[in-house]
Amino acid sequence: MTTAPTAADLRARKGGARLVMLTAYDYPTALALDACGLDILLVGDSLGEVELGYDSTRAVSLEMMAHHVRAVRNGTTATHVCGDLTAGTYRTPEEAVGSARVLVEAGADSVKLEGGLVAQVSAIIADGIPVMGHVGLLPQTAAVYRREGTTPEEADRIAAEARALDEAGCFAVVIEAVPPALAERITAEVSCPTIGIAAGSECDGQVLVSTDLLGQLPNPPRFVAPKADVHGIVVAAGRAFADEVRGVTNAERKAV
Ligand code: KIV
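All values derive from a computational prediction rather than experimental measurement.

Draft legend 1. Expanded view of helix α7 (residues 152–168). Under the 1.5 Å per step criterion, the end-to-end length of α7 is 24 Å for 17 residues, consistent within 8% with the ideal 24 Å. The set of residues buried in α7 consists of E154, A155, I158, A159, E161, A162, L165, D166 and A168. Positive phi appears at G169, one or two residues downstream of α7, with a value of about 110 degrees.

Structural data, given as C-alpha cells:
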C-alpha cells in the first residue's frame, strides 16, 4: 500500500515534480481519486456549491465539513487529505485551533484557511496541525467571484500575504484567480509550493474542483476542460434503467 505524503513531504516538493490536488467530498469519489496517484485531496468548502447546491461556500458549517472529511478519509489511504476551515470558524487564533482540531479528529491530515491570517496559521501550526494557505480570490468573503490582483497595489498586497503565510510555516499556498504573471511572481517569492487555480501554469502545482473536472454538473467554469461527462453517464444510466423496468409489463412479470 502506498503511504500518503505528509505536509513536510509536500513542502519539500518545491521546485520538483508538480503537485496535483483535486477536491473530493464523498466516499466513492475519494476511493476512485485515491487510485490516481494524486498528491492531495482537498475537502474544499466548494462542497456547499457543487455538492450540496447552495449558492455560496458560506453555507457550509464546520460540522458539515467534518462529516465530508470523514467520508473522504474512509476512501483514502494513498493521498494527503486536507480539510477546509469553514467561514466564520477561525476568527481568532483560539477559535482556529479548536476548528482545526475538529477536522483532524474527523480524519484530515491538514487544514486550509483563506487570507493572510498569520496569527491563526501560527497558532494552528504550534498545535501540531499543518496548514495550507489560500490567497487571491477568497470565496468565503468575496462579494462576487472575479479575478483579483489586477492593479499593482492589489498584486503587492496578495504577494505580501503569500510571503507572510510562507514565513508563518504554511506547507503550501493556493493561489486562486489572479493574473498568471502575479502567480509566477508569488511562486518565485515563497519557499513553499504554490498551487494554482485559474492562475496560469507557472505555479508549483494545480488544483481543480473534481465535479468540474469530471463533468458532474452542466456548465463548468470556462477555465476547466472536463475530462469526463459524468452528468451524461448518470442521465443515460437512469434512462436505461427506466426503460428496462418499464419495458416489462406487470402481466409479463407475473407470467415469468
Ligand atoms: O473549496 C475549494 O474547492 C477550494 C479550491 C478551489 C482551492 O478552496
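Additional details are given in the paragraphs that follow.
Draft legend 2. Up close: the packing of helix α5 (residues 93–106) against helix α6 (residues 118–126). Following both chains from N to C, one finds α5 and α6 inclined at 45 degrees, their axes separated by 8 Å at the closest point. Here α5 is positioned oblique relative to α6, judged by the angle of their axes. When you trace α5 past α6, the crossing you get is right-handed. In this structure, α5 uses P93, A96, V97 and A100 to contact α6, whose residues at the interface are A119, Q120, A123 and I124. Considered class by class, the residues forming the contact of α5 with α6 number seven nonpolar, one polar and no charged.

Draft legend 3. Geometry of α6. All of the buried residues along α6 are Q120, V121 and I124. Take α6 and look down its axis: the buried residues cluster within an arc of 100 degrees, on one side only. Lining the buried residues of α6 we find α5, β4 (110–112), β5 (131–136) and α7. Positive backbone phi, at 95 degrees, marks G128, one or two positions downstream of α6.

Draft legend 4. Just the site of the ligand, in detail. In the neighbourhood of the ligand, the contacting residues comprise T23, L42, G44, D45, S46, D84, K112, H134, V174, I197 and V209. At a separation of 3.1 Å, an oxygen atom of the ligand approaches a polar side-chain atom of D45. Between an oxygen atom of the ligand and a side-chain N or O atom of S46, the distance comes to 2.5 Å. In isolation the ligand offers 260 Å² of accessible surface; the protein chains occlude 95% of this area. In a pocket analysis with a 2 Å cut-off to the grid points, the ligand is assigned to the largest pocket. Of the residues belonging to the shell around the ligand, the class tally is four nonpolar, four polar and three charged.

Draft legend 5. Region of the structure containing the side chain of S99. Here S99 is to be found in helix α5. A distance of 2.5 Å separates a polar side-chain atom of S99 from the backbone oxygen of T89. In contact with S99, other than residues within four places in its own chain, are L62, L85 and T89.

Cut-offs and rules
Residues numbered from 1 in each chain as written. Predicted model: local features only at pLDDT ≥ 70, side-chain atom pairs only at ≥ 80, totals over all residues. Heavy atoms only, no water. Helix = DSSP H or I, 4+ residues; strand = E, 2+ residues; numbered from the N terminus. Expected span 1.5 Å × (residues − 1). Buried < 20%, exposed > 50% of the residue type's maximum accessible area, 1.4 Å probe, protein only. Axes fitted to C-alpha atoms, helices over the stretch in contact; angles between N-to-C directions. Parallel < 35°, antiparallel > 145°, perpendicular 65-115°, else oblique. Left-handed = near helix turned anticlockwise from the far one by under 90°. Contact = heavy atoms within 4.5 Å. Nonpolar A, V, L, I, M, F, W, Y, C, P; charged D, E, K, R; others polar. Arc of directions from axis to C-beta. Near = heavy atom within 4 Å. Polar contact = N/O pair within 3.5 Å; in protein donor to acceptor, adjacent residues only side chain to side chain. Areas by Shrake-Rupley, 256 points an atom, 1.4 Å probe, with all protein chains shown as cover. 1 Å grid on protein atoms, 1.4 Å probe; cavity = no way out; pocket = protein on both sides within 12 Å on 5 of 7 lines; lining within 4 Å. Sits in = over half its atoms within 2 Å of the grid points.

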